[in-house]
Protein chains: 2
Amino acid sequence: MAPRTLKIAAAQMGPVHLTSKRPETLSRMITLLQSASSLGAQLVLFPETAFTTFFPRHLIPSQELDTYFEHSDNLPDAENTKPLFDEAKKLGIDISVGFAERAEDGKGYNTSVYFSAKKGEVIAKYRKVHLPGTKEPFENPDAVNQLEKRYFEPGNLGFQAFRAPDLVEGAVKKGNGVEAALGKGDPVMGMMICNDRRWVEGWRIYGMQGVEVVLCGYNTAGFAPDLWGTRKVMTPEEAEKDAVFHHKLVMQGNSYMNSCFSVSAAKAGLEDGKYDLIGGSCITSPEGHVLAEAKGKGDEIVFAELDLEDCRQGKEKTFDFDRHRRIDQYGPITQQTGVVEPDLLE
Amino acid sequence: MAPRTLKIAAAQMGPVHLTSKRPETLSRMITLLQSASSLGAQLVLFPETAFTTFFPRHLIPSQELDTYFEHSDNLPDAENTKPLFDEAKKLGIDISVGFAERAEDGKGYNTSVYFSAKKGEVIAKYRKVHLPGTKEPFENPDAVNQLEKRYFEPGNLGFQAFRAPDLVEGAVKKGNGVEAALGKGDPVMGMMICNDRRWVEGWRIYGMQGVEVVLCGYNTAGFAPDLWGTRKVMTPEEAEKDAVFHHKLVMQGNSYMNSCFSVSAAKAGLEDGKYDLIGGSCITSPEGHVLAEAKGKGDEIVFAELDLEDCRQGKEKTFDFDRHRRIDQYGPITQQTGVVEPDLLE
């Protein structure tokens, strides 16, 4: 059986400010790509909204808003993003990167794409399904807004796994999800974005396609004043530690429960001079262990060599969905959105 | 607002052997109940198949099999189980306990019940949905069998949450799931058994009923010879450490992602003189932290006082299902059981 190993990297980025110039940001990303290349990486994941600050924390006048969006999803050819993809192609490294997408119909999405270096094109696109935050800004001027529901529509492309071509030697070109986990076929990949990683549904749908590697870029606040009145009083240091704990917990737990690797890449540090984002970019195994993680909160490559065979134990035994899942008992998951009185649940 | 605190205990049990006599086992359980009572516990959780060894590891002749099953689900009145419930009633402590159920139609289920001390009756019953293992024993005589699929039918009662009466002062008698999390109503509880805890679907369905405490008894092997050929070679010590890690990971992760407490109670130690079961009984918080855990692998009480208000932060903000879940994107979860080639998933 041909080995199915994959050298993979998360490109954690330090802050990108409101005032940052795009060429400077692209230059940092290209430097990260080159660092990953020197380690032998075949695939590099960049954060959510990697090209800009995490602008949904601001109430931005509509005439300025479009400066934070890309106006084509064909990033490899668009002036503002092309240099990154040119470098990826030159180095022969696949990349996945998050950006704010302005669709042709004018709607905004929080999107990521997967670019195959050998094919020289984007082969998969994902739009964030689980948008956190609110549509309207908080009245309290000390509040840190999270206006994703204002600027973006919920993703409408589902959780579509895909095979990443030309990464694994000896891979057959066609199989099914189970065969992929049995050491055949190109690696099965899935993308999610930030808050999606806290929602088991997306992980499960990827798992049901035999996913072997889940990619997740994020911008996660380390501390925000409590406007909800329900959070235990924490210092900023405690809150940030807890946020990193939660991040790793969901990456580890969902990787384990779906027998897949995961790679997560943060935009980290003090953005716009004021808003702290956690680091914690990491790579987790199908057994739920952290294989590698970021040391700091700046630009940093987190690297690991994955043996995709490690997905087999879980997929064939404990988490053999075909033998163990009981969909006749799962109805409420897709029948209702919110919470219903126990006695009234169908 | 009246405080909604709940003093809760996991009664971890050391091994119960094939040769153990029921009066002796009941006596140990009563001693545990008394210990929990001395700590002020209002609710005590016992393990899966608490009254017997974990017999699905054995191929048992059909004429002997029924000695491991209870033949009534009215355990408080049945000779073989009554003393435990009498003591619970006397002490005024609710209990939840797992047992092998022989239903009236002759079918077997891996079941747990919830007994209200003040009501003096069983108020909820759960049948394990996710049965691990195989129907047929392994051919390899060194294999440790897991014949739950042989002895039990998959649970057919769904994941029905329920309110536990008379535990919380000042609780209003009616509300909805969200109100419960807002400090009204009797605590919303859910039961699961062992392997169920590794499956996100059950947790989610409880979460969608506003669950505040999930109860889970288990018998989990620390080490079994690898008959699947896929597991990394591990020493028994490494394997047991990993099994405890996985147990805690899923209890912590799923508690966090559904903003609920969880209590888990192991049957632990070397059962039938040969088969090692992990300990690790623990209580986790809605933020995913371990609040208390077992120190050893014998009979032991794990105790914590829970403030049910701690569920609010998650249920109202990050995991406000009504605002954030997107059931239009979740179809495959209930439409298919196993793994399907990415391109073919609907």
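All values reported here derive from a predicted model rather than from experimental measurement.

K.L.:
So what about the overall build of chain A? Which residues, and what values?
P.N.:
If you tally the helices and strands in chain A, you get 10 helices and 14 strands. If one aligns the C-alpha atoms of chain A with their principal axes, the spans along those axes are about 60 × 60 × 40 Å. Across the 346 residues in chain A, those meeting the buried criterion constitute 62%. For chain A, long-range pairs separated by at least 24 residues make up 70% of all intrachain contacts whose partners lie at least 6 apart in sequence. Accessible surface for chain A amounts to roughly 12700 Å². Of this, 50% is attributable to carbon and sulfur atoms.

K.L.:
Could you give me a rundown of the nonpolar core, with the residues and numbers involved?
P.N.:
Among the nonpolar cores identified, the biggest contains 98 residues, and Tyr114(A), Val213(A), Leu215(A), Tyr114(B), Val213(B) and Leu215(B) are the most heavily contacted of them. Not counting residues up to four positions away in its chain, the partners in contact with Leu215(B) are Ile8(B), Leu43(B), Leu45(B), Ser96(B), Tyr114(B), Met189(B), Gly190(B), Met191(B), Met192(B) and Val263(B).

K.L.:
Give a detailed account of empty space enclosed by the protein, specifying residues and quantitative values.
P.N.:
All names here are of chain B. Within this structure, the stated rule accounts for four cavities of 30 Å³ or more. In this structure, the largest cavity is lined by 14 residues; those nearest its centre are Leu-45, Phe-46, Ser-112, Met-192 and Gly-217. For the lining of the largest cavity, the secondary-structure elements that each account for two or more residues are β3 (94-102), β7 (188-193) and β8 (213-218). Residue classes in the lining of the largest cavity are distributed as nine nonpolar, four polar and one charged.

K.L.:
Provide a residue-level description of the interface of chain B and chain A, including the pertinent values.
P.N.:
Residue-level contacts link 81 residues of chain B with 81 residues of chain A. Of the roughly 7500 Å² buried at the junction of chain B and chain A (both faces included), carbon and sulfur atoms supply 60%. For Glu201(A), the salt bridge identified is with Arg325(B), shortest N-O distance 2.8 Å. Across the chain B-chain A interface, the total number found is 31 residue pairs in polar contact (both at pLDDT 80 or more). Taken together, the elements giving at least two residues each to the side of chain B that touches chain A come down to β6 (162-163), α5 (177-181), α6 (200-207), α7 (236-257), α8 (312-316), α9 (321-324) and α10 (332-335) of chain B. Of the residues forming the side of chain B that touches chain A, the biggest block, 10 residues, is contributed by α7(B).

K.L.:
An account of the relation of the copies chain B and chain A is needed here, citing residue identities and associated values.
P.N.:
Of the transformation superimposing chain B on chain A, the axial component is 0.0 Å and the angular component is 180°, with the fit at an RMSD of 0.0 Å. Here the symmetry operator amounts to a two-fold rotation axis. The rotation axis passes nearest to the C-alpha of Gly253(B) in chain B, at a distance of 2.9 Å. By residue overlap, the copies meet face to face through one surface: 100% of the interface positions of chain B are interface positions in chain A.

K.L.:
Account for the packing of aromatic side chains, with residues named and values stated.
P.N.:
A ring pair, where both rings are aromatic, is described by two values, the distance of the centres and the angle of the planes. Residues and elements named next belong to chain B. By the definition in use, this model includes 24 aromatic pairs over all chains. Measuring from centroid to centroid gives 5.3 Å for Phe-55 and Tyr-68, while their planes differ by 25°, and the two rings are stacked. One end of the pair, Phe-55, is in the loop between β2 (43-45) and α2 (62-65); the other, Tyr-68, is in the loop between α2 and α3 (82-91), and 13 residues separate them in sequence. The pair formed by Phe-55 and Tyr-68 is uniform in burial state, with each residue classed as buried.

K.L.:
I'd love a proper account of the sheet that holds strand β5 (residues 121-127) of chain A, names of residues and values included.
P.N.:
Residues and elements named next belong to chain A. One open sheet holds the six strands; their spatial order is β5-β4-β3-β2-β1-β14, and the pairing between them is mixed. Looking at the sheet topology across the chains shown, the edges are occupied by β5 and β14 (300-307). Pairwise comparison of adjacent strand axes, ignoring direction, gives a mean angle of 25° for this sheet. The pairing of strand β1 (residues 5-12) with β14 spans eight bridges and is classified as antiparallel. Bridge pairing in β14 places Gln-12 opposite Glu-300.

K.L.:
For the sheet that holds strand β14 (residues 300-307) of chain B, give the residues involved together with the corresponding values.
P.N.:
All names here are of chain B. The sheet built from six strands is open, its strands ordered β5-β4-β3-β2-β1-β14 with mixed pairing. The open sheet has two edge strands, β5 (121-127) and β14, and neither has a second partner. Recorded for the sheet is a direction-independent mean angle of 25° between the axes of neighbouring strands. For β3 and strand β4 (residues 108-116), the ladder comprises eight bridges, and the chain directions are antiparallel. Paired with Phe-99 across the two strands is Thr-111, which belongs to β4.

K.L.:
Provide a residue-level description of helix α3 (residues 82-91) of chain A, including the pertinent values.
P.N.:
All names here are of chain A. Among the residues of α3, Leu-84, Phe-85, Glu-87 and Ala-88 are the ones counted as buried. Buried residues of α3, seen end-on, are gathered within an arc of 160° and therefore sit on one face of the element. Those residues of α3 that are buried are in contact with α1 (22-38), β3 (94-102) and β4 (108-116).

K.L.:
Outline the side chain of Arg4(A), listing residues and values.
P.N.:
All names here are of chain A. One can find Arg-4 in the segment before β1. By relative accessible area, Arg-4 is classed as buried at 2%. Within the structure, the side chain of Arg-4 is placed 2.9 Å from the side chain of Glu-212, a separation counted as a polar contact.

Cut-offs and rules
- Residues numbered from 1 in each chain as written.
- Chains lettered and ligands numbered in written order.
- Predicted model: local features only at pLDDT ≥ 70, side-chain atom pairs only at ≥ 80, totals over all residues.
- Heavy atoms only, no water.
- Helix = DSSP H or I, 4+ residues; strand = E, 2+ residues; numbered from the N terminus.
- Buried < 20%, exposed > 50% of the residue type's maximum accessible area, 1.4 Å probe, protein only.
- Contact = heavy atoms within 4.5 Å.
- Areas by Shrake-Rupley, 256 points an atom, 1.4 Å probe, with all protein chains shown as cover.
- Core = buried A, V, L, I, M, F, W, Y, C linked by side-chain atoms within 4.5 Å.
- 1 Å grid on protein atoms, 1.4 Å probe; cavity = no way out; pocket = protein on both sides within 12 Å on 5 of 7 lines; lining within 4 Å.
- Points joined across faces, edges and corners; volume = space filled by probe spheres on them.
- Nonpolar A, V, L, I, M, F, W, Y, C, P; charged D, E, K, R; others polar.
- Buried area = accessible area lost by both parts, 1.4 Å probe.
- Salt bridge = Lys/Arg side-chain N within 4 Å of Asp/Glu carboxyl O.
- Polar contact = N/O pair within 3.5 Å; in protein donor to acceptor, adjacent residues only side chain to side chain.
- Least-squares fit on C-alpha atoms with pLDDT ≥ 70 in both.
- Phe/Tyr/Trp six-rings, centres within 6.5 Å; stacked < 30°, edge-to-face > 60°.
- Pairing = 2+ DSSP bridges.
- Axes fitted to C-alpha atoms, helices over the stretch in contact; angles between N-to-C directions.
- Arc of directions from axis to C-beta.

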